[in-house]
Amino acid sequence: GDSWGIFTFLCAALCQLPALPALNCTEELGTSQSIQKTYDLTRYLEHQLRTLAGTYLNYLGPPFNEPDFNPPRLARAERVPSATVDLDLWRGLTDNARLAANYRAYSRLLCYLRALDGQAATADLRHRLGHFCSSLQGLVLSIAGVMSSLGYPLPVGPVVGPPTGPPSSPLVVAPNDFLKKMDDFWLLKELQTWLWRSAKDFNRLKKKVPPAVVTLRLEARGF
Amino acid sequence: SPTDSHIQYERVGADVTMKCGSMDWDAAVTWTANGTDIDESHLNGSYLILKNVDLTQSGQYSCYEGSSWHLKYQTYLRVGIPPKEPVLMCRSNNYPKGFYCSWHLPTPTYIPNSFNISVIHGTREMVCEKDAFPRNRCHIRYLQLFSTVKYKVTLTVTNALGKNSTTLTFDEFAIVKPDPPESVVAKPVPSNPRRLEVSWKNPSSWPDPDSFPLKFFLRYRPLILDQWQHVELSDGTSHTITDAYAGKEYIIQVAAKDNDIGTWSDWSVAVHATPWTEEPMYLTTEAQLTETTSASTSSFMPPPTTKICDKGAVVGSGAVAVCWTAGLVLAAYGVLFI
């Protein structure tokens, strides 16, 4: 009963990722290449996730593994960062905001996935989740690399879920097995949607970051 | 009034009884169908009985009082069938603007039908705006992008004899399918007997190729063969085929897909092109005819990879000229580097 609450708390602690110094390797690659690399990572993860989600949903069993399963979104599912955004708003995002949204989302999603990994019942699932988490962490770091190469500050530690605060606010815990499975279902769904969205986010960034950025930086360093 | 226009819908195979307005059963009447008198054998008193009606019996039925020939009743009989389950399709060819749905009935009903479409996204009901043309189509604008909630589209078709419906449930990404590429052009490349230059344009319905780039799939084959060759291109709207069989007419098509989501478009309109050949076919002399006939039998096999001056593979006297040119170029380079 308390386990979800504990995980939420642990995530809040673990996910205070320190502001990364500009990684030397990405500086050498150049910003547009790091963006390309990040884009490629999202595609790779999206492919990986298809297999992972299929396996995990089968483990959850019906109705979660049925293709037509279309449950209403419960309020509790709002803790998982959603990729859904108003069309004009999405178009108008600044590069900084766009990158920050991705960074925050994947940091939180990574936490939730790690929690899932901890609870997974079979060795096969743990292995798959573990592998996916490593790749996802690579994505988070890659985004951080792009942000720092563009001179944007990293968002300060992600806000993970509602606080386990005063006694009046209830602990957000799955009271039963079915609701816990629903949480897992929505987590995987949002993760998949985020990966689709990120491909588009990074497409936009690719076009907007001119190669001149790289040239300017090299000039500044060389002379 | 008895002569008010009145329409009566009946199912194929039904038994229809028509009463002559307010006339008594034993009144003397005459019925006509589309102006032609109906034989008394179809009458039961003043009622007209039509058994097991079929489509040919649709028409105007009129009933006249026996002696006065006053028109007592008139109806228009339309024989039809209740609607079968409609066929519904939804597609986003203009992502991320929105999507459209189109529908049709698998078999005709022979009577007027009305369609009603409802689109539900989570808890919200959205309005699908009917298109002026084609008629059985409506479109929706996305308000939100990257949604995890599925869209549920229900189409109901109703006519006087019954109703039927079908529902589609899908994710935003699943229905993305662009229109085929436009303005596909294939041209021979001068002095290159094995090349064809193909270019095309993004489909005009795709609103934002910068943020939502398309990738392309090209397929080509010589008309004389059935096997297609394929090339997938993640960038650009042109490609040069470099392994065309010399002198053979090719058929070429291109398809498009969003780089990351959805499915491939249908194939574009096919274009035909023949690679550049050295001389026009109708000017072949006797000597060259024998040369080309013997060479053409080997052109059906995959040509070996050749250097420019490999006499075995190149057809015609152009080979010698090419060798000469290559020789001159090499000599020129040699001079430069001395």
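Residues numbered from 1 in each chain as written. Chains lettered and ligands numbered in written order. Predicted model: local features only at pLDDT ≥ 70, side-chain atom pairs only at ≥ 80, totals over all residues. Heavy atoms only, no water.

As recorded in an unreviewed UniProt entry, chain B goes by Ciliary neurotrophic factor receptor subunit alpha and comes from Upupa epops. What UniProt records for chain B under Subcellular location (unreviewed entry) is the sentence "Cell membrane". What UniProt records for chain B under Sequence similarities (unreviewed entry) is the sentence "Belongs to the type I cytokine receptor family. Type 3 subfamily." (UniProt positions renumbered as here; feature names shortened; annotations may be inferred.)

The name an unreviewed UniProt entry assigns to chain A is Cardiotrophin-like cytokine factor 1, from the organism Upupa epops. Per UniProt, chain A has the following entry under Subcellular location (unreviewed entry): "Secreted". Quoted verbatim from the Sequence similarities (unreviewed entry) field of the UniProt record, the comment on chain A reads "Belongs to the IL-6 superfamily."

Student: Can you tell me about the interface of chain B and chain A, naming the residues and giving the values?
Tutor: Chain B puts 21 residues into the contact, and the matching count from chain A is 25 residues. Taking both sides of the interface into account, the surface hidden between chain B and chain A amounts to around 2,100 Å²; carbon and sulfur atoms contribute 53%. In terms of surface lost to chain A, no three residues of chain B exceed Phe146, Thr148 and Asp260 of chain B, which account for 35% of the buried area on that side. On inspection of chain B and its partner chain A, the count reaches 6 salt bridges. Taken together, chain B and chain A are joined by 13 residue pairs in polar contact (both at pLDDT 80 or more). Inspection of the sheet shows strand β1 (residues 85-86) of chain A paired to strand β15 (residues 144-145) of chain B by 2 bridges, in the antiparallel sense. Paired with Asp86 of chain A across the two strands is Gln144 of chain B, which belongs to β15 of chain B. (Contact = heavy atoms within 4.5 Å. Buried area = accessible area lost by both parts, 1.4 Å probe. Salt bridge = Lys/Arg side-chain N within 4 Å of Asp/Glu carboxyl O. Polar contact = N/O pair within 3.5 Å; in protein donor to acceptor, adjacent residues only side chain to side chain. Pairing = 2+ DSSP bridges. Helix = DSSP H or I, 4+ residues; strand = E, 2+ residues; numbered from the N terminus.)

Student: Summarise the confidence of the model for chain A; cite the residues concerned and give the values.
Tutor: All names here are of chain A. This prediction gives chain A a mean pLDDT of 78; 70% of its residues lie at or above 70. Helix α8 (residues 212-222) is the least confidently modelled element of chain A, averaging 46 in pLDDT, while β1 averages 94, the highest of any element. Across residues 17-28 the pLDDT falls below 50, and counting only partners more than four positions away or on other chains, this stretch makes 14 contacts in the model. In this model residues 212-223 is a low-confidence stretch, pLDDT under 50, and it forms 7 contacts with partners more than four residues away in sequence or in other chains. (pLDDT = per-residue confidence, 0-100.)

Student: Residue-level account of the pairing of strand β10 (residues 98-104) of chain B, with values.
Tutor: Residues and elements named next belong to chain B. With 6 of its 7 residues buried, β10 lies for the most part within the structure. Pairing of strand β9 (residues 87-91) with β10, which is carried by 5 bridges, proceeds in the antiparallel orientation. Residue Cys90 lies in a different strand from β10, and its bridge partner there is Cys101. The antiparallel pairing of β9 with β10 creates a hairpin that spans 6 residues between the two strands. Sheet topology note: the β10/strand β14 (residues 137-141) ladder contains 5 bridges and is antiparallel. In the strand pairing of β14, Cys101 is matched with Cys138. (Buried < 20%, exposed > 50% of the residue type's maximum accessible area, 1.4 Å probe, protein only.)

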